[in-house]
Amino acid sequence: MKEDKSKMPTNIFELEESAIERKSLYEKIINFSEEFIHTIEEQKAFHFDTNEITEYDSFFDIDKKKNSIEDILVFFKERVLNTGLNAASGGHLGYIPGGGIYSSALGDYLAAITNRYAGVFYASPGAVRMEDALINWTGKLIGYDKGFGGNLTSGGSMANLIALHTAKHSKGITISNVSKNVIYFTSQTHHSVYKALKITGLEKCVLREIPVDSHFKMSVIDLETQIKHDKHIGLVPFLIIANAGSTDVGSVDPLINLSDIAKAHHIWLHIDAAYGGFFKLTALGKDKLKGMELADSIILDPHKGLFMPYGLGIVLVKNIKYLAEAHSYNANYMRDAKNDNQYSPADLSPELSKHFRGLRMWLPLKLYGDTVFSEYLNEKLQLAYYLYQELSIIGYKVLCEPDLSVVAFRLELKAYESDVLNKIILDYIHQDGRIFISSTILDNKLTLRAAILSFRTHKQEIDLLLYLLKKIKTHLDV
Ligand SMILES: *Cc1c(COP(=O)(O)O)cnc(C)c1O
């Protein structure tokens with residue numbers, strides 16, 4: 001039978017709920033999130049060994065069937081929230097903790113409901129002005145003056161990618177000269193940088209890992225010697241990748257010295273401040289992060305240092321021209337949207353359509369102002385120093401005084417091989433689950449690390465970690 005195409009369907013209404021249906025859905029979600037936040041302190045920070053698949057997991061699959069919001073939320077709690085790492089918990093001290101402030105979630109809600117097109121000025125001048133204001137605030141915070149530009153990304157990895165692509169483009173690096181260009185970095189460089197090198201083709205450069213000093217900072221003398229050597233043998237020093245808060249130990253490279261060297265040799269200086277950048281909001285951070293403004297490009301992660309939910313990074317480039325040139329495009333169907341006096345986010349990144357990310361950052365900053373963020377960040381610095389001191393008192397070896405809020409440590413007992421011993425401690429903490437820490441390798445040894453950055457981490461959580469570490473040490477040290 002032939003279908004009558006002129007007959008319009010009339011029964012399509014389910015995706016536009018009635019006010020009563022909206023209220024009912026909304027209340028159930030709100031009740032669920034209230035319960036989540038109310039009980040956060042009793043929830044585990046980590047569910048040990050929850051990777052196995054259960055029968056219930058077939059509920060993940062999509063088919064014709066309709067399900068009630070109640071059933072969906074029960075499943076979500078059981079098979080999503082009660083597995084793995086609880087990144088909303090104040091007990092999360094692993095990797096670099098995320099946050100998840102409530103007002104930011106509400107910003108996301110509004111962004112999704114109103115669904116403004118934040119990629120292009122013509123489509124939403126307001127959304128773009130909001131993003132510009134956030135880039136401006138962040139740029140001023142790190143000390144940039146005029147002429148800089150940036151972009152709100154999904155996170156630090158995308159921000160690194162955009163920055164390194166911009167560096168490559170501005171220095172005219174192509175397939176034919178790439179192998180003569182040199183990139184300098186250290187063992188502390190984040191793996192997202194290597195990914196970016198791979199994607200941009202810059203991994204074909206000469207890659208020089210510069211030694212670090214006892215505080216895991218790039219050795220200026222070794223860098224200088226290497227650059228001179230490279231020039232002598234006909235190579236072209238191209239890019240220095242510095243850390244302003246490394247992931248492993250939170251170390252800040254000697255930014256001013258690195259900038260002097262970069263300037264003298266016309267090298268692009270990129271600073272990865274994904275973790276550390278927002279400590280600029282504190283007095284101590286201002287001092288430790290001196291020289292950030294000297295970078296040609298820099299990245300920060302509001303989903304770390306500003307306690308936002310995952311999905312927000314920032315790339316800044318000192319001269320917006322380089323960022324725009326590296327991403328310029330032409331398309332006939334975009335002609336209405338071109339505006340010579342105003343860059344759009346889509347002119348400055350690989351993304352065209354994108355989540356209206358500005359609102360999740362702008363709403364909390366407008367509601368509370370920026371001072372409250374410095375107070376929280378100050379608390380994290382103090383907690384890290386407290387942990388550093390207490391760890392030595394209870395007999396753990398701390399690798400170095402923390403620059404910011406990451407403390408790397410291990411236990412050394414004569415009766416045990418070091419890596420075996422520290423793995424026992426790590427498993428013990430994970431099995432307890434109230435506090436989550438992670439591990440790394442430093443000086444070729446398994447090393448434990450606590451990164452203090454969640455807005456929900458306070459002295460109580462640090463004391464609990466110390467209590468657990470003391471208890472397992474007493475147990476092992478017999
Ligand atoms: C977290 C982090 C990154 C990567 O950022 P994502 O937001 O996870 O993509 C890069 N560099 C450093 C120093 C980081 O801490």
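Identification of the protein chain as Aromatic-L-amino-acid decarboxylase from Xanthomarina gelatinilytica is taken from an unreviewed UniProt entry. We quote the UniProt Cofactor (unreviewed entry) comment for the protein chain here in full: "pyridoxal 5'-phosphate". Of the comments in the UniProt record for the protein chain, the one headed Sequence similarities (unreviewed entry) reads "Belongs to the group II decarboxylase family."

**Q** Give me the lowdown on the pairing of strand β5 (residues 206–209), citing residues and values where you can.
**A** The sheet contact formed by strand β4 (residues 181–185) and β5 spans four bridges and is parallel. Each bridged residue has a counterpart across the sheet, and for F185 the counterpart in β5 is E209. Handedness of the crossover joining β4 and β5 through helix α6 (residues 191–200): right-handed.

**Q** Help me get a handle on the nonpolar core, residues and values and all.
**A** Ranked by size, the top nonpolar core spans 54 residues in total, and within it L223, I240, I271, M292 and I298 carry the most contacts. Residue assignment places this core across two domains, with domain 1 (107–368) and domain 2 (370–476) each supplying three or more. The contacts of I271, once residues within four sequence positions are left out, are A242, N243, A244, L255, G291, M292, A295, S297, I298 and I299. Residues Y396, A450, I452 and L465 belong to the second largest nonpolar core, which totals 29 residues.

**Q** If you had to explain the sheet that holds strand β10 (residues 397–398) to someone new, which residues and values would you point to?
**A** One open sheet holds the four strands; their spatial order is β10-β11-β13-β12, and the pairing between them is antiparallel. Every other strand in the sheet has two partners, leaving β10 and β12 (438–442) as the edge strands with one partner each. Inspection of the sheet shows β10 paired to strand β11 (residues 406–410) by two bridges, in the antiparallel sense. Bridging across to β11, K397 finds its partner in R410.

**Q** Go over the domain arrangement of the protein chain, please, and point to the residues and values.
**A** The domain architecture assigned to the protein chain consists of domain 1 (107–368) and domain 2 (370–476). Its C-alpha centre places domain 1 at a distance of 30 Å from the equivalent point of domain 2. Among the residues of domain 1 in contact with domain 2, D248, F279 and F307 are the three that bury the most area, contributing 28% of the side total. A salt bridge links K217 to D403, with the shortest nitrogen-to-oxygen separation between them at 2.6 Å. For the interface between domain 1 and domain 2, the tally reads eight residue pairs in polar contact (both at pLDDT 80 or more). Going through the elements one at a time, α9 (283–288), α10 (302–305) and α12 (358–368) are the ones with two or more residues in the side of domain 1 that touches domain 2. Along the lines of polarity and charge, the residues of the side of domain 1 that touches domain 2 split into 15 nonpolar, 11 polar and four charged.

**Q** How would you summarise the UniProt feature "modified residue: N6-(pyridoxal phosphate)lysine" (unreviewed entry) in the protein chain if you had to cite specific residues and measurements?
**A** The UniProt record marks K304 with the feature "modified residue: N6-(pyridoxal phosphate)lysine" (unreviewed entry), using the residue numbering of this structure. Looking at the secondary structure, you find K304 in helix α10. By relative accessible area, which is 14% here, K304 ends up buried. Those residues in contact with K304, other than ones at most four positions away along the chain, are I96, P97, A274, Y275 and L453.

**Q** With reference to specific residues and values, describe the side chain of D403.
**A** Mapped onto the secondary structure, D403 falls in the loop between β10 and β11. With a relative accessible area of 11%, D403 lands in the buried category. Of the polar contacts made by the side chain of D403, one reaches the side chain of K217; its length is 2.6 Å. At a separation of 2.9 Å, a polar atom in the side chain of D403 contacts the main-chain amide nitrogen of V252.

**Q** Describe the site of the ligand, listing the residues and the values that go with them.
**A** Looking at the ligand, there are 15 residues lining it, with G156, S157, D272, D301 and K304 nearest. Take G156: an N or O atom from its main chain is 2.7 Å from an oxygen atom of the ligand. With respect to the ligand, the side chain of H303 contributes an N or O atom lying 2.8 Å from an oxygen atom. At the level of elements, α5 (156–170) and α10 are the ones that each hand at least two residues to the shell around the ligand.

Reading the values: the criteria
Residues numbered from 1 in each chain as written. Predicted model: local features only at pLDDT ≥ 70, side-chain atom pairs only at ≥ 80, totals over all residues. Heavy atoms only, no water. UniProt positions renumbered as here; feature names shortened; annotations may be inferred. Pairing = 2+ DSSP bridges. Helix = DSSP H or I, 4+ residues; strand = E, 2+ residues; numbered from the N terminus. Right-handed = clockwise from strand over helix to strand, strands pointing away. Core = buried A, V, L, I, M, F, W, Y, C linked by side-chain atoms within 4.5 Å. Buried < 20%, exposed > 50% of the residue type's maximum accessible area, 1.4 Å probe, protein only. Domains from an automatic or database assignment. Contact = heavy atoms within 4.5 Å. Buried area = accessible area lost by both parts, 1.4 Å probe. Salt bridge = Lys/Arg side-chain N within 4 Å of Asp/Glu carboxyl O. Polar contact = N/O pair within 3.5 Å; in protein donor to acceptor, adjacent residues only side chain to side chain. Nonpolar A, V, L, I, M, F, W, Y, C, P; charged D, E, K, R; others polar. Near = heavy atom within 4 Å.

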